[in-house]
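# Examination of the molecular architecture
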Amino acid sequence: MTNLKKVLVLGIGSFFLWSCNNPSEETATHQETEVHETHQHDMNEEPLKLNNGEKWIVNDEMKLHVQNGSMLVNNYIQEKQTDYKELAQQLKEENNNIVKTCTMKGESHDELHKWLHPHMELVKALENETDDSKAAEIVQDIQHSYQQYFLYFI
């Protein structure tokens, strides 16, 4: 991974970890720095794991937005749609809603973020893509990302 990608992943990851646990904006800088230093680095290197052989439980509010995003991608593929920029915007909105409704804590929260961060990077890549064939590959990668989510979370 290039240094620019690492910085981008760490920055976005820090923001979303902060968003899930931050009740006020006053402590944003402190918490973002703290999350970046102590939490983010490890999560990007470790693969997803199950909770003692069981799927992790995700709160219903967050689950709704994951399901919505998955349906958007599946419909896009099944209906042979081509406006991937619109799809990216819709997925970005669902991802933002996932973050806004995050109330998870502890290991389940950490595991979810191991999935969420790379997933959000895929959506961002789709949003910035200009080549139709590359965009189609990214859409397939996003669909696979949702499949991975459903393997590890309920």
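Everything in this summary refers to the structure shown in the same document. (Residues numbered from 1 in each chain as written. Predicted model: local features only at pLDDT ≥ 70, side-chain atom pairs only at ≥ 80, totals over all residues. Heavy atoms only, no water.)

With respect to the helices and strands, Glu 137 occurs in helix H6 (residues 132-152). Note: C-alpha distance between Glu 137 and Leu 126 (11 residues apart in sequence) is 9.2 Å. (Helix = DSSP H or I, 4+ residues; strand = E, 2+ residues; numbered from the N terminus.)

What follows covers the nonpolar core. In terms of nonpolar packing, the biggest core is built from 29 residues, with Leu 112, Trp 115, Leu 126, Ile 142 and Phe 153 touching the most fellow members. Only helix H3 (60-78), helix H4 (84-100), helix H5 (106-128) and H6 provide two or more residues apiece to this core. Considering each element in turn, this core owes the most residues, seven residues, to H6. Leu 126 has contacts with Tyr 84, Lys 85, Leu 87, Ala 88, Ala 135, Ile 138, Val 139 and Ile 142, leaving out every residue within four places of it along the chain. (Core = buried A, V, L, I, M, F, W, Y, C linked by side-chain atoms within 4.5 Å. Buried < 20%, exposed > 50% of the residue type's maximum accessible area, 1.4 Å probe, protein only. Contact = heavy atoms within 4.5 Å.)

A separate point is the packing of H4 against H5. Packing of H4 against H5 brings their axes to within 8 Å, and their N-to-C directions diverge by 150°. Considering the angle they form, H4 stands roughly antiparallel to H5. Pair H4 / H5 crosses with left-handed handedness. Residues Tyr 84, Lys 85, Leu 87, Ala 88, Gln 89, Leu 91, Lys 92, Asn 95, Ile 98 and Val 99 of H4 touch H5, and the partners they reach there are Leu 116, His 119, Met 120, Val 123, Leu 126, Glu 127 and Asn 128. Here the contact of H4 with H5 is composed, by residue class, of 10 nonpolar, four polar and three charged. (Axes fitted to C-alpha atoms, helices over the stretch in contact; angles between N-to-C directions. Parallel < 35°, antiparallel > 145°, perpendicular 65-115°, else oblique. Left-handed = near helix turned anticlockwise from the far one by under 90°. Nonpolar A, V, L, I, M, F, W, Y, C, P; charged D, E, K, R; others polar.)

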